[in-house]
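An overview of the molecular structure
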Amino acid sequence: MTGHGDLSPEKLVGRIHSVYCKDFVSYSEITFHPKHYLNVLTGPNGSGKSTIVSAIILGLGGDPNLLDRSSSVSDYIQSNKTSATIIVRVYGKEPETTEAFRRIINSNGTSVYSVNNKNTTKSNFLAVVASYNIQVSNLCQFLPQDRVQDFSKMNPQELLLNTMSSVCDDELTQGFNSLKEMRASQATVNIDRDKGKNDLQKKQKRLEQMQQCVEQYKERQEIQQKLNISNVKKLWMETQAGEEKAKNFKDLVDNAKATYDEIKVRYDSKVRAQEQIQKKKMELQEDVLKKTQQLNKAQEQNKFLEKERDSKMQKVRESQVVLQQNIQRSVRSGEEANKLQKLVDNKKAELENFNTNKASVISELQKIRESLDSARNQAMRQYNKRKEIEMRLNDVNIPEVAAHKHRMNRLENVKIQKLEEISRRTPNLAKAMNWVAQNKQRYKCNVYDPMIFELSMQNNDASKYLENVVNARDLMAFSCEDKQDMSDLINELCVKQKLGVNVIYCNPSTQCMYTPKIPISELRSLGFHSYLVELVTGPFPIINKLCAAYGIQNIPIGSDAVGNNTSSIPKGIKIYFGGDKRYSVTTSRYRSDCILTESVIRGKNLLIAVDAQQLATVRKLHSQAVKEGDKLKNAMTMADNEFERIQIVIKDEQEKKKKLDQKVSYFNNLRSEVETLMEKLNSLRKTDALDAIKSNHYNKLENEMEKIEADESKLFINSEELKKCTVAKKASQTVLSMYTVQNASQAEALKELEHETQETNRMYKKLLDNLRRQLEDVNSRKEEIQRNCNGELPTSSKFPFKKEFKNMSALSLDQVRESIHDLEARLECMKNVNSEALLVYHELENEVKRLQDSIMRSSNEEKTIESNMSRLFEKWEPKLNGLVETISAKFSEFMESIEYIGEVVLSRADKYDFDSYGIQIMVQFRKGAQLQPLDKFIQSGGERAVSIAIYSLSLQHVTHVPFRCVDEINQGMDATNERHIFDLLLREATKHGSAQYLFVTPKLLRDLNYNEHLCVSIVHNSKTVTSGTKFPTI
């Protein structure tokens, strides 16, 4: 491996010195040191060969899309890590120096770029990379494993651009870009000129059409001017006539004003006289009112005295009736006194008997009260106890039972929640499920909803495992037990309704038809606890379908301990899970080794998982809460029963107490009753004698008669006063009537004068209004004249139409009106031309001139572009032809060396159609066949791989890139072609001064040729390294 030191510093610039990766894909930390010429990376699939190429592309600022693996750069971070670091170190532009390009990839998708440990922006980073002629997006320099087929998909134009870029000839590339820009500019100028000519023809034609309209417009304007002058003359003549009429109205207004003033003076005098009459009339009316009030007062006094007299007479009659009653009562009082004495004696004897037994009654009553208080206290304690139990039941137990019940329902009704989620995320699937539910009777056999609804998992972990085994499309698919039903369902949902759902077929069955190959008991020691099929519950046809398609009966599930026993897993198990990791075992296509792939899995929240342990716990808590509630209800029932018993005791004691209270109350009332009877008896015995009653009655009668006589005297005096008031009122009313009759004629005269005044005033205002309107009409006409005459009147020295008015001085108003009528008739007969026509005409004239100038400039510009393009093309075309001929010569030479025919030609549609310029690879792999373009539809995969490899080697002699990467380009080649390609690669890539070459392949044929400039690096992959192992340094 010698000979690296013979390269000059200029040849070393840009070649890779080392590649460092940390936490990148499968590498925890490595450093790769390639040699200066051909470097071959080989090793088993999955060992990490392509990862180094990916690190170079991403480390030099490339996008993940260039690798065609993942669109997110964060996916290249190693599992359970938050970031990845890549450092690509290249030989610097100064001798014995290196340039370090570092990229730190974060889990959120962002990256930190730095050059020589100095952070910078991505654009500056890419600019420094490009300064070394490194083009990570050019398939001619970088051809990753997943982009090999993209090379054959490139059209001739893309291949030409990538080839020129890889040559790194700036003059060639810039010249090509300049020629395309010139061609595009020429086409744009030509299009603009043609468009300008079309516009010029249209506008010139339009200008000719508008010429007649403009002449008509000018003639119409002249007639319109004459009409305006005639209208102004008419207005002025009408104004002068209006001013004369206004003068006459002014005289009439003055006369009406004088008449009104004279009548108004007489009216005011009459009004003052009438006011004096009204004042005197009011005084007489007030006197009548005063006399009426005095009469009413006397009448009321008379009524009052009569009422007082009648009241006293009624009292006399009532006293006589009372006297007769007293005489009769005096006779009965003796008999009543004897009866009442006997009743009093009986009551006293009963009272004395009670007083003898009073002490025992009071004692018994006290005992009953104490017993009643004790029972009430017990009842209150039972009530408080029941209230406390009820509070615990309502506030604690019942909410607790409801909460546990709600949690149970929520855990058991996950399907409803999942259906709501599916309705939001995939409404077409929900619509299809709804249709199937309503039309299941149309099908012969069972039609199952999507697996995510039909299958039930033991817990979320079980869901996670099945979601990472079964394709999401199958999880979302309807299942049919009959193939004809499946065909009909697809036709209905996918063809007619266009819902885009998936439908699969599963054999009908009533039990699971599959069993594990290895009993789970043999795997428990390795950390496994069950097979995936044991964690799934659902219809047997669907479970059998999953067993047949995905083998879930042979996928064991275990804990994190499985990761420590991967070497002991039986070879028959290809997929298994341990904790949050998925393990997949694959066999290499080239040797019998097994490759173990480990990946971290996450749940996709598609399947319905019922956490059995959590559900059992909630059910247990719910049962305990129900039992506790039953205990509280029983305790509350017992408290109610005890409370009712105490209430019965209280009721009995209250009845006893009531009877004793009634007895005590009866005797208390008896004492009062005896006292009342004694008072009544004494009253009867003290009753006055009959003679005393009569004497007392006659004395009162005498006093009342004296009062009646006094009232009769007052009534007589008041009657005399009433007569005087009546006479006075009649006299006052007579005087008022006579005064009103005498002055009635005066009021009529005032009304007539008032009417005359109002009529005169109305006439005056009417004439004044006519005068105002006439003056407004005159002023309005003057204002209209001023609007049409620059604000001047004919009396002004600046009036613009003095000459025209002088010519029209002999015309009368009727003649002027007739002239206006003639002019208006002429205008109506003329075609109406828009006032903007003249403006549009002038704008068109300017636009025509502008277009003529623009067409002239475009012609000159096109000639200039064509001249410049021709000069540049004469310099550029020979260089391009030379490049293509050089590549074609090498391509033909290499193809002939392996007994094939090929050439590289420059394709184009026209000399100056630069967008059509491209490179066409022509190949012939079978004798007697014609040369054919390299195309994915014509050649086989191996033939395309040979062509791409040889074209890549052909570029080795003309490109100026510092290094090139090709990943597994030999895939699909047979052994003979692979050996030929390797020999060519070895010969061309190890020539002195050739660019550094990285060739990645999973295998190397036996007995290949090697030389001192070839470096073969073997990539190994293992979790552990045997202690003491030493790797050679190269």
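Residues numbered from 1 in each chain as written. Predicted model: local features only at pLDDT ≥ 70, side-chain atom pairs only at ≥ 80, totals over all residues. Heavy atoms only, no water.

1. Focus: the overall build of the protein
As a reminder, the rule being used: For helices the rule is a DSSP run of H or I covering at least 4 residues; for strands it is a run of E covering at least 2, with both sets numbered from the N terminus onward. Exposure is judged per residue with a 1.4 Å probe applied to protein chains only, and the accessible area is read against the type maximum: over 50% gives exposed, under 20% gives buried, and values in between give partly exposed. Whether two residues are in contact is decided by their heavy atoms: any pair within 4.5 Å suffices. Shrake-Rupley sampling with a 1.4 Å probe provides the accessible areas, and residues are treated as covered by the protein chains on show and by no other component.
Helices and strands together make up the secondary structure of the protein, namely 21 helices and 25 strands. Considering the protein as a whole, with its 1034 residues, one finds that 40% of them fall into the buried category. When contacts within the protein are restricted to residue pairs at least 6 apart in sequence, those whose partners lie at least 24 apart make up 73%. Counting only carbon and sulfur atoms, one obtains 49% of the accessible surface of the protein, whose full area is about 60,000 Å².

2. Some details on the side chain of N439
For clarity, the threshold we go by: Here a polar contact is taken to be a pair of N or O atoms separated by no more than 3.5 Å, where protein atoms must pair a possible hydrogen donor with a possible acceptor and residues adjacent in sequence count only if both atoms sit in side chains.
Note on placement: N439 falls in the loop between α8 (427-438) and β9 (447-448). Polar contacts involving the side chain of N439 include one to the main-chain carbonyl oxygen of W435, which spans 2.6 Å.

3. Some words on the pattern of salt bridges
So the rule is basically this: Salt bridge, as used here, is a side-chain nitrogen of Lys or Arg placed within 4 Å of a carboxyl oxygen of Asp or Glu.
The final tally for this structure, using the stated rule, is 20 salt bridges. Of the charged contacts, one joins D482 and K444 as a salt bridge, the two residues approaching to 3.8 Å between their closest N and O atoms. Of this pair, D482 sits in the loop between β11 (478-480) and α12 (483-496) while K444 sits in the loop between α8 and β9, and the two are 38 residues apart along the sequence. Residue class for D482 comes out buried when judged on its relative accessible area of 17%. On the basis of relative accessibility, which here comes to 62%, the residue K444 falls in the exposed class. In this structure, the salt-bridge partner of E847 is R850, at a minimum N-O distance of 2.3 Å.

4. Details of the sheet that holds strand β20 (residues 901-907)
Pairing between sheet strands relies on hydrogen bonds along the backbone, with the strands arranged either parallel or antiparallel. Our working definition: Between any two strands, pairing holds if DSSP finds at least two bridges.
Sheet architecture is open: three strands sit in the order β20-β21-β22, paired in antiparallel fashion. The outermost strands of the open sheet, each flanked by one partner alone, are β20 and β22 (932-933). Pairing of strand β21 (residues 918-924) with β22 involves two bridges; the strand directions are antiparallel. Bridging from a neighbouring strand, M922 pairs with P933 of β22.

5. Comments concerning the packing of aromatic side chains
Where we set the bar: The rule is short: rings of Phe, Tyr and Trp, with Trp giving its six-membered ring, pair when the centres are within 6.5 Å, and they are stacked under 30 degrees, edge-to-face over 60, tilted in between.
What the rule picks out here adds up to 15 aromatic pairs. Each ring, one from F101 and one from Y132, has its centre 6.2 Å from the other, and the planes form 90 degrees; the classification is edge-to-face. Here the residue F101 occupies a position in strand β5 (residues 98-106), and Y132 occupies one in the loop between α3 (122-130) and β8 (142-143), the gap between them amounting to 31 residues. Judged on exposure class, the residue F101 and its partner Y132 are both buried.

6. Remarks on helix α2 (residues 49-59)
Within α2, eleven of the eleven residues are buried, leaving the element largely enclosed by the surrounding structure. Within α2, the full set of buried residues consists of K49, S50, T51, I52, V53, S54, A55, I56, I57, L58 and G59. Count one or two residues on from α2 and you reach G61, which has phi positive near 95 degrees.

7. What about the sheet that holds β11?
Rules: Think of each axis as a best-fit line through the C-alpha atoms, taken over the contacting stretch in the case of a helix, with angles from 0 to 180 degrees between the N-to-C directions.
The strand order β9-β11-β12 describes an open sheet built from three strands, whose pairing is mixed. Here the strands that pair on one side only, and so sit at the sheet edges, are β9 and β12 (503-505). Of the strand pairs in this sheet, β9 and β11 are connected by two bridges, and their pairing is antiparallel. Following the sheet pairing, Y448 is matched in β11 by S479. The strands touched by α12 are β9, β11 and β12; relative to β12, the strand with the most contacts, the crossing angle is about 175 degrees.

8. Some remarks on the nonpolar core
What counts, and what does not: Grouping buried Ala, Val, Leu, Ile, Met, Phe, Trp, Tyr and Cys residues that are joined through side-chain atoms within 4.5 Å yields what is termed a nonpolar core.
F478, L489 and L493 are the most contacted members of the largest nonpolar core, which has 55 residues in total. The element that contributes the greatest number of residues to this core is α8, accounting for five residues. Beyond its immediate chain neighbours, meaning those up to four positions away, L489 contacts W435, V436, Y443, V447, F478, C480, C494 and V503. Grouped together as the second largest cluster of nonpolar side chains are 52 residues, V40, F894, M895 and L955 included.

9. Remarks on the side chain of N39
If you trace the backbone, N39 turns up in strand β3 (residues 38-42). Judged by its relative accessible area of 0%, N39 is buried. In this structure N39 touches P34, Q996, Y997, L998, F999 and C1015, once residues within four positions along its chain are discounted.

10. A word on α12
Put simply, the rule is: Multiplying 1.5 Å by the helix residue count minus one yields the expected span of that helix.
Taking 1.5 Å of rise per residue, the 14 residues of α12 would be expected to cover 20 Å, and the 19 Å separating its terminal C-alpha atoms lies within 8% of that figure. In this structure, the buried side of α12 is in contact with α8, β9, β11 and β12. The N-cap residue of α12 is D482: its side-chain oxygen and the backbone nitrogen of Q484 are 3.0 Å apart. Where α12 ends, the next residue or the one after it, K498, has phi of about 55 degrees, a positive value.

11. Examining the environment of W236
As for its position among the elements, W236 is in helix α6 (residues 170-412). For the pair formed by W236 and L813, sequence separation is 577 residues and the distance between their alpha carbons is 9.7 Å. Contact partners of W236, with chain neighbours within four places excluded, come to I785, P794, T795 and F805.

12. So, the environment of P427
Within the secondary structure, P427 is located in helix α8. Judged by its relative accessible area of 48%, P427 falls in the partly exposed class. Along the sequence, P427 and L499 sit 72 residues apart, while their C-alpha atoms lie 9.1 Å from each other.

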